[in-house]
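# Commentary on secondary and tertiary structure
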Amino acid sequence: MKKSISILFLIALLTLLYFKLPISIRYKSEIKIGNDYIHTIEIYSDSIKSLPESNNWQVLQTLIPQKMENEWSPEYKKIDSTHFDLVYPYGFDGPYLRYCSSTQQWNYGFCCSD
């Protein structure tokens, strides 16, 4: 009986610790893939002098780094002429892992101000 209670306590403690980890550790691989995508978007933006449109799939496909083609990739959304968001839409409801170019930070929430 004591052993099963201690195992349950350990599982609960590890779960709690996992959710308290910083975003940069919990989502390390997603952020790395997203940063590669951000880099290619910034190169495109510097050369063309504008961000790609959110619905221009031909251009967006060329911007995806080669190693991302077979992996889960973030969704690109142009906000205005200088800002964009990348969002990993896990499931149907948020919160989501997102990058906001206005703050140049990754966060986990429903919008960039979370």
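We now turn to the structure provided with this report. Please read all numbers here as calculations on a predicted model, not as lab measurements.

Counting 19 residues, the largest nonpolar core has Y37, I41, L63, Y76, F84, L86 and W106 as its most contacted members. Of all the elements in the fold, those that place two or more residues in this core are α3 (28-48), α4 (57-63), β2 (84-88) and β3 (96-100). Those residues in contact with L63 that sit more than four places away from it in its chain are Y37, T40, I41, Y44 and P52.

Okay, the sheet that holds β3 next. Pairing within the open sheet is antiparallel, and its four strands lie in the order β1-β2-β3-β4. On the outer flanks of this sheet lie β1 (75-78) and β4 (105-109), each paired with one strand and no other. Going across the sheet, the axis of each strand differs from the next one's by a mean of 25°, ignoring polarity. Inspection of the sheet shows β2 paired to β3 by four bridges, in the antiparallel sense. Note that in β3 the partner of L86 across the bridge is Y99. The strands touched by α3 are β1, β2, β3 and β4; relative to β2, the strand with the most contacts, the crossing angle is about 150°.

Let us look at the pattern of salt bridges. Enumeration over the complete set of coordinates arrives at two salt bridges. Taking the shortest distance from any N to any O, the salt bridge between K78 and E53 comes out at 2.8 Å. Of the two residues, K78 sits in strand β1 while E53 sits in the loop between α3 and α4, which places them 25 residues apart along the sequence. For D85, the salt bridge is made with R98, and the minimal N-O distance between the two is 3.8 Å.

With five bridges connecting them, β3 and β4 associate as antiparallel partners. The partner of Y99 across the bridge, within β4, is W106.

The rules behind these values
Residues numbered from 1 in each chain as written. Predicted model: local features only at pLDDT ≥ 70, side-chain atom pairs only at ≥ 80, totals over all residues. Heavy atoms only, no water. Core = buried A, V, L, I, M, F, W, Y, C linked by side-chain atoms within 4.5 Å. Buried < 20%, exposed > 50% of the residue type's maximum accessible area, 1.4 Å probe, protein only. Helix = DSSP H or I, 4+ residues; strand = E, 2+ residues; numbered from the N terminus. Contact = heavy atoms within 4.5 Å. Pairing = 2+ DSSP bridges. Axes fitted to C-alpha atoms, helices over the stretch in contact; angles between N-to-C directions. Salt bridge = Lys/Arg side-chain N within 4 Å of Asp/Glu carboxyl O.

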